[in-house]
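Coordinate inspection notes
Each chain, written out:
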Amino acid sequence: MDTTRRDLFRLGALAAATAAMPGLAAASPASRPAPGATPVERASRSLDILILGGTGFTGPFQVRYALARGHRVTLFNRGKRPSPEWPGEVEQLHGDRETGDLSALRGRRWDVCIDNPTSLPSWVRDAGKVLRGNIGHYLFISTISVYADGSRAGIDEDAPLAPYRGRDAMAETRQTLIADMENLYGPLKALSEVEARRQFGDRTTIVRPGYIVGPRDETDRFTYWPHRVAQGGEILVPGDGQDPIQVIDGRDLGEWMIRLAEQGTTGTFNAVGPAYPLTMDAMLHGCQAVTSTPISLTHVDPDFLEAMEVELPIWVPRDRGPYAGYGQVSNARAVAAGLTFRPLATTVADLLEWFRSLPAERQARLRAGIDRQREAELLRAWRAAG
Ligand SMILES: NC(=O)c1ccc[n+]([C@@H]2O[C@H](COP(=O)([O-])OP(=O)(O)OC[C@H]3O[C@@H](n4cnc5c(N)ncnc54)[C@H](OP(=O)(O)O)[C@@H]3O)[C@@H](O)[C@H]2O)c1
């Protein structure tokens, strides 16, 4: 399978993956506001917000921002991860969406429900059974992997969605999904969106992020690049450096979700950044502006990398393959609905600070990209081939 695809299909496995590492994300200092950060203004109206999940990657950003805006927050999850230290009162409810145990939600009412960890239509249906009529607004985190054709530039929210080709979408489980992410992740997210509208009607908001990055990102896909730049020296860069990159800082995403809730904004939105076209080279120079390490970039032909079976994360070649458009997805609708982006330098600096706070053995083994030895071998082979 093509490297970029494998990367994207892993998006949905994130919650499962981080569940296997309890404590890492929860303990991260970058989930706390930076000293001197701009204070968040309180919202004009305080909401009761139910967050399904809330203790993984992006959930804690929603929680902190919601508390800072003066909202009341309830979390629902299995309680498998140590609860982060919240800067205010947070109600914690337990249950399990896999077994359908949602009893803790029964008979309760909230203004808003944000559904973070769901990739299965049956999870949405079951949530609807308990919550329909008891919540005012349902926000569902989907993905740009829902699109049927990822090859063209400028995919907007009206583009056709990937069809499900299995036998019974409602019978799919977390296990069947993880076993066949490539074929199931996008279509099942798309059907989860359909189910969300069936359950919650026009009080539904669908948010489709691309790569979510920054502090607390346990996949290391984007992290590979700032980390590599921080090491300095000659860096192997796939392609000619001009391929477009799109990422969204988990904090920009989480905070915008709360603002969408406050404004009662419904509809469907791609959530990708930044606001301007960012190329691979510009992203790397942006990292270097933070690290100040001396670097040189060696651009390597994608054909060579494919022949060498090299996987490099985040990078999507703009002119080939079924995912050529994944660095050029339209975010116009989301920006018009108030999505904002912190500077790349802030994401990179905070990400590196967070990553360096992890245990040494965790830092030593990145979960994406190639190690320095492999990179040096590839650079030698590339020169020899040229
Ligand atoms: N990472 C990316 O680049 C990317 C890109 C596009 C879309 N997405 C989507 O974005 C979302 C990201 O979620 P997140 O990890 O940031 O959310 P999160 O709310 O921060 O974390 C996942 C939460 O789900 C809970 N959970 C997991 N399994 C559960 C179960 N069976 N029953 C009840 N609760 C359960 C976890 O707690 P417990 O383990 O304690 O239950 C945890 O609180 C996902 O839907 C993903 O598909 C991600």
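Residues numbered from 1 in each chain as written. Predicted model: local features only at pLDDT ≥ 70, side-chain atom pairs only at ≥ 80, totals over all residues.

A short note on the overall build of the protein chain
Within the protein chain one finds 14 helices and 11 strands. In terms of C-alpha radius of gyration, the protein chain reaches 20 Å, essentially the compact-globule figure of 21 Å for 386 residues. Counting only residues that meet the buried cut, the protein chain has 45% of its 386 residues in that class. When contacts within the protein chain are restricted to residue pairs at least 6 apart in sequence, long-range pairs at least 24 apart make up 83% of them. (Helix = DSSP H or I, 4+ residues; strand = E, 2+ residues; numbered from the N terminus. Rg over C-alpha atoms; globule rule 2.2 N^0.38 Å. Buried ≥ 20, exposed ≤ 12 C-beta atoms within 10 Å, placed from the backbone. Contact = placed C-beta atoms within 7 Å.)

Here we look at the packing of helix α9 (residues 280-291) against helix α12 (residues 344-356)
In the contact formed by α9 and α12, the axes pass within 9 Å of each other and the chain directions differ by 60°. By the angle between their directions, the pair α9 and α12 is classed as oblique. Like other packed secondary-structure pairs, α9 and α12 cross with a definite hand, here right-handed. Counting all contacts with α9, which are made through G286, C287, A289 and V290, the residues of α12 involved are L344, A345, V348 and A349. (Axes fitted to C-alpha atoms, helices over the stretch in contact; angles between N-to-C directions. Parallel < 35°, antiparallel > 145°, perpendicular 65-115°, else oblique. Left-handed = near helix turned anticlockwise from the far one by under 90°.)

Considering the site of the ligand
Every one of the 28 residues lining the ligand counts as a neighbour, but G53, G56, G59, R78 and N116 are closest to it. With three residues, the top contributor of residues to the shell around the ligand is helix α2 (residues 14-19). Residues that form the shell around the ligand fall into these classes: 10 nonpolar, 12 polar and six charged. (Near = placed C-beta within 6 Å. Nonpolar A, V, L, I, M, F, W, Y, C, P; charged D, E, K, R; others polar.)

Details of helix α8 (residues 250-263)
The terminal C-alpha atoms of α8, which comprises 14 residues, lie 20 Å apart, in line with the 20 Å expected from a rise of 1.5 Å per residue. With 12 of 14 residues buried, α8 lies mostly within the body of the structure. Residues of α8 that are buried: G250, R251, D252, L253, G254, E255, W256, M257, I258, L260, A261 and E262. Remark: G264 follows α8 within two positions and exhibits a positive phi of approximately 65°. (Expected span 1.5 Å × (residues − 1).)

Comments concerning unusual backbone geometry
In this structure, the amide linkage connecting G273 to the following residue, P274, adopts the cis form with an omega of -5°. Relative to the helices and strands, P274 is located in the loop between β10 (267-271) and α9. Here the phi dihedral of E309 falls at roughly 55°; this positive angle occurs in a residue that is not glycine. Along the chain, the position of E309 falls in the loop between α10 (302-307) and α11 (332-336). Here E309 falls in the exposed class, since 7 other C-beta atoms lie within 10 Å of it.

Notes on the sheet that holds strand β2 (residues 72-77)
Here seven strands make up an open sheet; going across it, the order is β3-β2-β1-β4-β5-β6-β10 and the pairing parallel. The strands lining the two open edges of the sheet, one partner per strand, are β3 (90-94) and β10. Here the strands of the sheet are splayed against their neighbours by 20° on average, with no regard to which way each runs. As defined by bridge partners, strand β6 (residues 204-209) adjoins β10 across five bridges and the pair is classed as parallel. Within β10, the residue paired with V207 across the bridge is F269. (Pairing = 2+ DSSP bridges.)

Section: the nonpolar core
Core analysis: the largest hydrophobic core is formed by 85 residues, its most contacted members being I49, L50, V112, C113, L139 and M257. Tallying contributions element by element places helix α6 (residues 181-200) first for this core, with eight residues. (Core = buried A, V, L, I, M, F, W, Y, C linked by C-beta atoms within 7 Å.)

Description of the environment of L47
Note that L47 resides in the loop between α2 and β1 (48-52). Among the residues examined, L47 registers 20 C-beta atoms within 10 Å and is labelled buried. L47 sits 19 residues away from A66 along the chain, and the two C-alpha atoms are 8.9 Å apart.

Concerning the packing of helix α3 (residues 59-68) against α8
At a minimum axis distance of 8 Å, the contact between α3 and α8 shows a crossing angle of 50°. Relative to α8, the element α3 is oriented oblique. The handedness of the crossing between α3 and α8 is right-handed. Across the interface between the two elements, F61, Q62, Y65 and A66 from α3 touch G250, R251, G254, E255, M257 and I258 from α8. Residue classes in the contact of α3 with α8 are distributed as five nonpolar, three polar and two charged.

Looking at the confidence of the model for the protein chain
Residues at a pLDDT of 70 or more form 90% of the protein chain, whose mean pLDDT is 92. Here residues 1-5 is modelled with pLDDT under 50, and outside its nearest four sequence neighbours on either side it reaches 11 contacts, counting other chains as well. Per-residue pLDDT stays below 50 along residues 9-31; that stretch engages in 58 contacts with residues further than four places along the chain or on separate chains. (pLDDT = per-residue confidence, 0-100.)

Here's the deal with α12
Each α-helix turn comprises 3.6 residues. Residues three or four places apart therefore point the same way. In a regular helix each residue adds 1.5 Å, so 13 residues correspond to 18 Å; α12 covers 18 Å between its end C-alpha atoms and thus fits that length. Among all positions in α12, only L344, T347, V348, D350, L351, L352 and F355 are buried. Tucked inside the fold, the buried residues of α12 contact β7 (211-213), α7 (224-231), β9 (247-249), α9 and α13 (360-364).

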